[in-house]
Amino acid sequence: MKFWNYLDELKKEQSATMNAIQEVLNSGQLILGEKVSEFEKKFANYSQTKYGIGVANGTDALFLALKALKIDNNSEVITVANTAVPTVSAIVSTGATPVFVDIDPQSLLMDVNKVEQLITSKTKCILPVHLYGQCVDMEPLKVLAKKYNLYIVEDCAQAHGASYKNQKAGSMGDASAFSFYPTKVLGTYGDGGLICTKSSILSNELKSLRFYGMKEAYSAETHGYNSRLDELQAAILLTKFKHINHYIKRRQEIAAIYDNAFSSLPLQLPIVGNNNEHVYYQYVCRHTKRNKIVAALKKQGIPVAITYPHPIHLMSGYSQLGYKIGDLPITEQAANEVFSLPLYPSMPNSDIEQVIKAVQKTIKYV
């Protein structure tokens, strides 16, 4: 068994995928062609925004969104330490200082009630991470952003199609960043990212930034970067985009099967926030004896992921930020207790049953 596997999915979609690739190869346009443009429009519309800007990966999507909003070395960005490294890497790459807020003990997402106390004269942006497949409680953040004149950049790398109060992830801030890394809810067979925004001004700025700061060939109007969604990957994404609702529905079905099977166990299951539609990028459980459980499951052939075992504020790579053990107690506790079970759309039913039996057996004896 594998924690994630794309091969069965590829078998079902291979003909359409190969035709899309061949169409690009035959087009004579390999960079920023019609496929990128088409995907940008379709995904932006799906995410209830106006403009999509395809970039090389999800990290660049965050970085360029922040750069376009003039986040720099005089800025502070409030975010969480319970996230993937790229969230913080993007902030630091702009020169800005990440300021970490603790997480809600139930959802494991940003504790929005603790954000205001961290706002200073240097705060320029709040960066909520829609982790594991569901959205942060956005209304309080929007109130704070308006009160203190702050930007909101949504990290949507794990939340394609998730919604909060019928608003899609990516539609609630000034800009939002998506990743199409292969494991994502909508993933390609390589790397890719996209920024969504409702601002035409920001969209134009981002299109320039991703292409060396140019608005016309061979003439940079500002310092820019080389970060473009590949035409081939855009073509693949267009074929897979047709199935996004199926992918999400199947993830939700598997999560419901797990919920039903584990409801009576002394195991904390994923908690869906009020007004949220969860798309279950990860099925994250919690237990105080996490390490014993993970070891026992692995002995039974069940692959388990821990997202994330090391809070970013305690990583040596970010020691310059000055955080220490105890600064984010809920984040630190979660890092010692969370683990994710296999869950992906083409996961065989036999694997689901094997996971259930192994978890039930293991929890009984820990």
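The following paragraphs examine the structure supplied in this document. (Residues numbered from 1 in each chain as written. Predicted model: local features only at pLDDT ≥ 70, side-chain atom pairs only at ≥ 80, totals over all residues. Heavy atoms only, no water.)

**A short note on the packing of helix H8 (residues 244-262) against helix H11 (residues 349-365)**
Heads up, the rule is: Under this scheme, a helix contributes an axis fitted over its contacting stretch, all axes are lines through C-alpha atoms, and angles between N-to-C directions fall in the 0 to 180 degree range. For the purposes of this entry, the term helix denotes a DSSP run of H or I that reaches at least four residues, the term strand denotes a run of E that reaches at least two, and both are numbered from the N terminus. Should an angle fall under 35 degrees it is called roughly parallel, over 145 degrees roughly antiparallel, and 65 to 115 degrees roughly perpendicular, with every other angle called oblique. Throughout, a crossing is termed right-handed when the near helix is turned clockwise from the far one, and left-handed when it is turned anticlockwise from it by less than a right angle. Working rule for contacts: check all heavy atoms of both residues, and any pair within 4.5 Å makes them a contact. Residue polarity is assigned by list, with Asp, Glu, Lys and Arg as charged and Ala, Val, Leu, Ile, Met, Phe, Trp, Tyr, Cys and Pro as nonpolar; anything else, Gly included, falls into the polar class.
Closest axis-to-axis distance for the H8/H11 pair is 10 Å, and the angle between their directions is 30°. It follows that H8 is roughly parallel to H11 by the angle criterion. For the crossing formed where H8 meets H11, the hand is right-handed. Of the residues in H11, those in contact with Arg-250, Ile-254, Ile-257, Tyr-258, Ala-261 and Phe-262 of H8 are Asn-349, Ile-352, Val-355, Ile-356, Val-359 and Gln-360. Per-class residue counts for the contact of H8 with H11 are 9 nonpolar, 2 polar and 1 charged.

**Looking at unusual backbone geometry**
For the record, the criterion: Burial here depends on accessible area, computed with a 1.4 Å probe over protein chains only, as a share of the maximum for the residue type. Under 20% is buried, over 50% is exposed, and the range in between is partly exposed.
Of note, the bond from Thr-307 into Tyr-308 is cis; its omega dihedral lies within 30 degrees of zero at 10°. Note that Tyr-308 resides in the loop between helix H9 (290-299) and helix H10 (329-335). A positive phi angle, close to 70°, is found at Tyr-132, a residue other than glycine. We classify Tyr-132 as buried; its relative accessible area is 4%. Phi angles above zero are rare outside glycine, and Asn-275 is one such case at about 70°.

**What about the pattern of salt bridges?**
Formally: Any Lys or Arg side-chain nitrogen found within 4 Å of a carboxyl oxygen on Asp or Glu counts as a salt bridge.
Scanning the entire structure with this criterion turns up 12 salt bridges. Salt-bridge contacts for Arg-210 lead to Glu-40; the nearest nitrogen and oxygen are separated by 2.8 Å. One end of the pair, Arg-210, is in the loop between helix H6 (200-209) and strand E10 (214-216); the other, Glu-40, is in helix H2 (residues 34-46), with 170 residues separating them in the sequence. The class for Arg-210 is buried, based on a relative accessible area of 7%. The exposure class of Glu-40 is buried, given its relative accessible area of 6%. With a shortest N-O distance of 2.7 Å, Glu-337 and Arg-286 are connected by a salt bridge. Highlighted residues: Glu-337 in the loop between H10 and strand E14 (338-341) and Arg-286 in strand E13 (residues 283-286), separated in sequence by 51 residues. On the basis of relative accessibility, which here comes to 11%, the residue Glu-337 falls in the buried class. Linked through salt bridges whose partners overlap, the residues forming this network are Glu-9, Glu-13 and Lys-240.

What is shown is where atoms sit, not what they do.
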